[in-house]
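Chain by chain, the residues:
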Amino acid sequence: MTDDIAAASPASGTPSPADGYAGDPAVRDEWDHRYADRQQLWSGRPNGALVAEAAGLTPGRVLDVGCGEGADAVWLARRGWDVTALEVSGVALERAAGHARDAGLTIRWVHAELTEAALPPASFDLVSAQYPALLRTPDAAAERALLAAVAPGGVLLVVHHAGMHTQQADDSGFDPADYVWPSMVADALDDGWEVEVDEERPRVAPDGGAGAHHSHDLVLRVRRLR
């Protein structure tokens, strides 16, 4: 998702909720319900860490993991990227596709969980996961899926809210231990990767939208060497 995951339970062409979703229906339904509760959930502006880290990259093929209502995908497409945008919520994908149509942009939409999506391996010059709600599994399936999507020479950018990963489970049922954090992705790297950025920094937060209260980001940017 493009901002805060704590308020939510783990849960091609113009997408629709009946377009052959690949993943756990309970996850899709949870996120569909969350999006349906509000006319607009996020700010509508691209995430600041993505803007900062992608500014110096040559546009190529990009995978936007958890694209939400499409602000990052639209921003990337406007700058010449060939965008594939993945999202579990059909409600969010319909909104994202509408924003892309309004902007006259072509984006490839995938209605799936990351670990269940039929993505071409090692084919994206940039894989962007901005505040993703990726569930942790014993076999590190989400971490492996992120890494597997990156082309040789390409970049994986994982951004999350600083401090959340050390919090305890709360009364809403949100437990940070259930989710994948940048440090876990870093732990999955081998000598075929170079760490370019691994830091906590003040967040450049879009005005409005869920998660706008978070003030600092964890930013992991790694490059696949081969």
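What counts and what doesn't
Residues numbered from 1 in each chain as written. Predicted model: local features only at pLDDT ≥ 70, side-chain atom pairs only at ≥ 80, totals over all residues. Heavy atoms only, no water. Phe/Tyr/Trp six-rings, centres within 6.5 Å; stacked < 30°, edge-to-face > 60°. Helix = DSSP H or I, 4+ residues; strand = E, 2+ residues; numbered from the N terminus. Buried < 20%, exposed > 50% of the residue type's maximum accessible area, 1.4 Å probe, protein only. Pairing = 2+ DSSP bridges. Right-handed = clockwise from strand over helix to strand, strands pointing away.

1. Some remarks on the packing of aromatic side chains
Argument step 1. Counting across every chain of the model gives 1 aromatic pair.
Argument step 2. With 6.3 Å between their ring centres and 40° between their planes, W31 and Y35 make a pair best called tilted. Here W31 pairs with Y35, and both are found in helix α1 (residues 25-36), just 4 residues apart, close to one helical turn. In terms of burial, W31 and Y35 fall into one category: buried.

2. Overview of the pairing of strand β1 (residues 61-65)
Sheet faces and side chains relate simply in a regular strand, where the side chains alternate between the two faces.
Argument step 1. Of all 5 residues in β1, 4 are buried, a share of seventy percent or more.
Argument step 2. As paired strands, β1 and strand β2 (residues 82-87) are joined by 5 bridges and run parallel to one another. Bridging across to β2, D64 finds its partner in A85.
Argument step 3. Between β1 and its parallel partner β2, the chain crosses via helix α3 (residues 71-78), and the hand of that crossover is right-handed.
Argument step 4. In this structure, β1 lies alongside strand β4 (residues 124-130), joined through 4 bridges in parallel fashion. Bridging from a neighbouring strand, V65 pairs with A129 of β4.

3. A word on helix α5 (residues 141-148)
Argument step 1. Within α5, 6 of the 8 residues are buried, leaving the element largely enclosed by the surrounding structure.
Argument step 2. Within α5 the residues assigned to the buried category are A141, A142, E143, A145, L146 and L147.

Keep in mind these values describe shape, not function.
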